[in-house]
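# Coordinate analysis (summary)
Okay, here's what each chain looks like letter by letter:
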Amino acid sequence: MQKLSSLAFLLALALSACAATGQQAPLPDGSNVALGQRAYVDGPIVQPVEVLEDSRCPANVRCVHAGRVRVKMLWLRPTGEEQPFEVMLGGATPLADGSIRLLAVRPDRRTDTAIAPEDYRFSFRFDGGL
């Protein structure tokens, strides 16, 4: 119960900071996050800011190598500091007192269509915490 009230307090603190700075409140979870959106991911608040690499195998092609996705992120620390880091699809990246995982990237790549930055959506999970 104490963990739940601590998380609620941290979320309220983050939301009040967003209101004071004119930022939008973070999404309540990391299941459908666009570039530039902030999301509360089971502890930390993170924001994807740029797709550094998307070499995934297109959905309409057979590939020997699955490819990878790398995303530049910001961790919005409780102090207000924005700490940059990078995540890779399927990998764990140390963050705070645990690790964050990029679980999914949408839409699928295709050979006949380019993905515009505003069309990307990401799903994250944080493993760790008190």
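Located above this text is the structure these notes cover.
In this report, we go over the structure that sits alongside the text. Since we're looking at a predicted model, the values are computed, not measured.

## Things to note about the side chain of Arg38
- Relative to the helices and strands, Arg38 resides in the loop between α1 (2–21) and β1 (39–40).
- A distance of 3.2 Å separates the side chain of Arg38 from the side chain of Gln47, its partner in a polar contact.

## As for the environment of Val46
- Tracing the backbone through its elements, the reader meets Val46 in strand β2 (residues 45–54).
- Spatially, the C-alpha atom of Val46 lies 9.4 Å from that of Gln83, the residues being 37 residues apart in sequence.
- When neighbours within four sequence positions are excluded, Val46 is seen to be in contact with Gln37, Arg38, Ala39, Val41, Met73, Leu74, Leu76, Phe85, Leu95 and Ile100.

## A word on the nonpolar core
- With 18 residues, the main nonpolar core has Phe85, Val87, Ile100, Leu102 and Phe124 as its most contacted residues.
- Elements supplying a minimum of two residues to this core: β3 (69–76), β4 (82–88), β6 (98–106) and β7 (121–128).
- By residue number, the principal contributor to this core is β3, which donates four residues.
- For Phe85, the residues in contact, after removing those within four places along its chain, are Val46, Val71, Lys72, Met73, Leu74, Trp75, Thr93, Leu95 and Ile100.

## Remarks on unusual backbone geometry
- In this structure, the amide linkage connecting Arg106 to the following residue, Pro107, adopts the cis form with an omega of -5°.
- Its location among the elements puts Pro107 in the loop between β6 and β7.
- Despite not being glycine, Asp42 has its phi angle at roughly 50°, a positive value.
- Relative to the assigned elements, Asp42 resides in the loop between β1 and β2.
- Although it is not a glycine, Ala96 sits at a positive phi angle of roughly 55°.
- Locating Ala96 in the fold gives a position in the loop between β5 (92–95) and β6.

## Quick look at the pattern of salt bridges
- A full pass over the atoms with the stated rule returns eight salt bridges.
- Two residues, Arg70 and Glu86, come together in a salt bridge whose shortest N-O distance is 2.7 Å. Of this pair, Arg70 sits in strand β3 while Glu86 is found in strand β4, placing the two residues 16 residues apart along the sequence.
- With a relative accessible area of 35%, Glu86 lands in the partly exposed category.
- Asp112 is the partner of Arg110 in a salt bridge, and the nearest nitrogen-oxygen pair spans 3.1 Å.
- The class for Asp112 is exposed, based on a relative accessible area of 54%.
- Because the salt bridges share partners, they merge into one network encompassing Glu53, Arg68, Arg70 and Glu86.

## A closer look at the state of the cysteines
- Counting across every chain of the model gives one disulfide.
- The residue that forms a disulfide with Cys57 is Cys63, at a sulfur-sulfur distance of 1.9 Å. Disulfide Cys57 to Cys63: torsion about the S-S bond roughly 80°, handedness right-handed.
- Judged by relative accessible area, which is 24%, Cys57 ranks as partly exposed.
- What makes Cys63 partly exposed here is its relative accessible area of 37%.

Thresholds, definitions, all that
- Residues numbered from 1 in each chain as written.
- Predicted model: local features only at pLDDT ≥ 70, side-chain atom pairs only at ≥ 80, totals over all residues.
- Heavy atoms only, no water.
- Helix = DSSP H or I, 4+ residues; strand = E, 2+ residues; numbered from the N terminus.
- Polar contact = N/O pair within 3.5 Å; in protein donor to acceptor, adjacent residues only side chain to side chain.
- Contact = heavy atoms within 4.5 Å.
- Core = buried A, V, L, I, M, F, W, Y, C linked by side-chain atoms within 4.5 Å.
- Buried < 20%, exposed > 50% of the residue type's maximum accessible area, 1.4 Å probe, protein only.
- Salt bridge = Lys/Arg side-chain N within 4 Å of Asp/Glu carboxyl O.
- Disulfide = S-S within 2.5 Å.

Remember that the coordinates give geometry; whether it matters functionally is a separate question.
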